[in-house]
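# What the coordinates show
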Amino acid sequence: MSDQRQNYGLGIFMMLLAFFLFAANDALGKWLLATATVGQLMLARAVVGLTVVGALLAPAGPGPLRTQPRIGLQVLRGFLSALESALFFWALTFLPLADVMTYYLAGPIYVTAMSPWLLGERVGWRRWLAVILGFVGVVIAIQPGQESFSWGALAALVGSFAYACFMIATRKLAATDARVLMGWQLVAALVIGIALLAYQGWAPLRPIDLALMVVLGLGSLLGNSCVNISLKIAPASVVVPYQYSLIIWGVLMGYLVFGEISEPPTFIGAAIIIGAGLFIFLREQQLRREARG
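This is a predicted model, so every value here is computed, not measured. (Residues numbered from 1 in each chain as written. Predicted model: local features only at pLDDT ≥ 70, side-chain atom pairs only at ≥ 80, totals over all residues. Heavy atoms only, no water.)

## Some thoughts on the overall build of the protein
Along the protein, the regular secondary structure elements total 13 helices and 0 strands. Ordered by position from N to C terminus, the α and β elements of the protein give α-α-α-α-α-α-α-α-α-α-α-α-α. Since a compact globule built from 293 residues should have a radius of gyration of about 19 Å, the 19 Å found for the protein is in line with a globular shape. Dimensions along the principal axes, computed over C-alpha positions, put the protein at roughly 60 × 55 × 40 Å. The buried share of the protein, reckoned over its 293 residues, is 49%. Contacts in the protein between residues at least 24 apart in sequence constitute 89% of all its contacts with a sequence separation of at least 6. Surface summary for the protein: the accessible area is close to 14,400 Å², and the carbon and sulfur share equals 70%. Each charge class in the protein can be summarised by its mean position, and for the 18 positive and 12 negative side chains these summaries are 13 Å apart. (Helix = DSSP H or I, 4+ residues; strand = E, 2+ residues; numbered from the N terminus. Rg over C-alpha atoms; globule rule 2.2 N^0.38 Å. Buried < 20%, exposed > 50% of the residue type's maximum accessible area, 1.4 Å probe, protein only. Contact = heavy atoms within 4.5 Å. Areas by Shrake-Rupley, 256 points an atom, 1.4 Å probe, with all protein chains shown as cover. Lys, Arg positive; Asp, Glu negative; His and termini not counted. Charge placed at Lys NZ, Arg CZ, Asp CG, Glu CD.)

## Some details on the nonpolar core
If you look at the biggest cluster of nonpolar residues, it comprises 74 residues, and the most contacted ones within it are Leu41, Phe89 and Val100. With 11 residues, the top contributor of residues to this core is helix α1 (residues 2-32). Among the nonpolar cores identified, the runner-up in size contains 6 residues, and Leu57, Met182, Leu186 and Leu221 belong to it. (Core = buried A, V, L, I, M, F, W, Y, C linked by side-chain atoms within 4.5 Å.)

## Thoughts on the environment of Thr37
Tracing the backbone shows Thr37 in the loop between α1 and α2 (38-57). Through-space distance from the C-alpha of Thr37 to that of Leu196 is 8.6 Å; in sequence the pair is 159 residues apart. Each residue touching Thr37, except ones within four places of it in the same chain, is listed here: Leu197, Gln200, Gly201 and Ala203.

Right under this line is the structure:
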């Protein structure tokens, strides 16, 4: 029992650390966008990530790439990941950090809404009610018809939907080697980064900007590693709810680094989205326990 509590505590710590790293990475990305373009950030993350993941895949040779199932879905998943990242960065050029994070927190709610058709899962009335409440939270957060609704809000909404599709593809590829999945994500990020550079052009960068871009790429990999470690040493039902600490870090970093203060409707919407997301997750965990008997 003592070992179990220790694993739970370490799992929670790793999940909190992961989402602190994600928030810090997002804040760094917003900082870099003052001088760099979205294409440059995507390219930097891809190059740094491919260097690391390539080193991990090299000892196994091309075998894992050939043997993993559903190559088309792997590639599609990679491009969904790159698309949602690019839209996230683009939204940051218009909106406060916490606002963009709020829209992306609705991703799991979209997954539940699409799961009967894309995953063949049954969704009961309780979760449908939570989905509806989650959508209400999104509407409150974006304040349609107000001046605060902008191209940035639209980019964040489309990006959060792409993120939800990415999560659905991830569920379908649960048995696929994680290194291969990450490799396709980074290849897609490289392609999109190059395409955006062709459109946006190359902005002059200082040496410090280039160094911070390397940190940006490493921070993303480290955050994902912390999530994986957390889920390996503690049950998802214990650690996953702590992902919502992201919005706390987003508010703090947005205020301390950029002097941003979100409007009250954003906080109200975020609270509703988080509540709906937590209910959906906990209800799914309960149904899995009941199915196991």
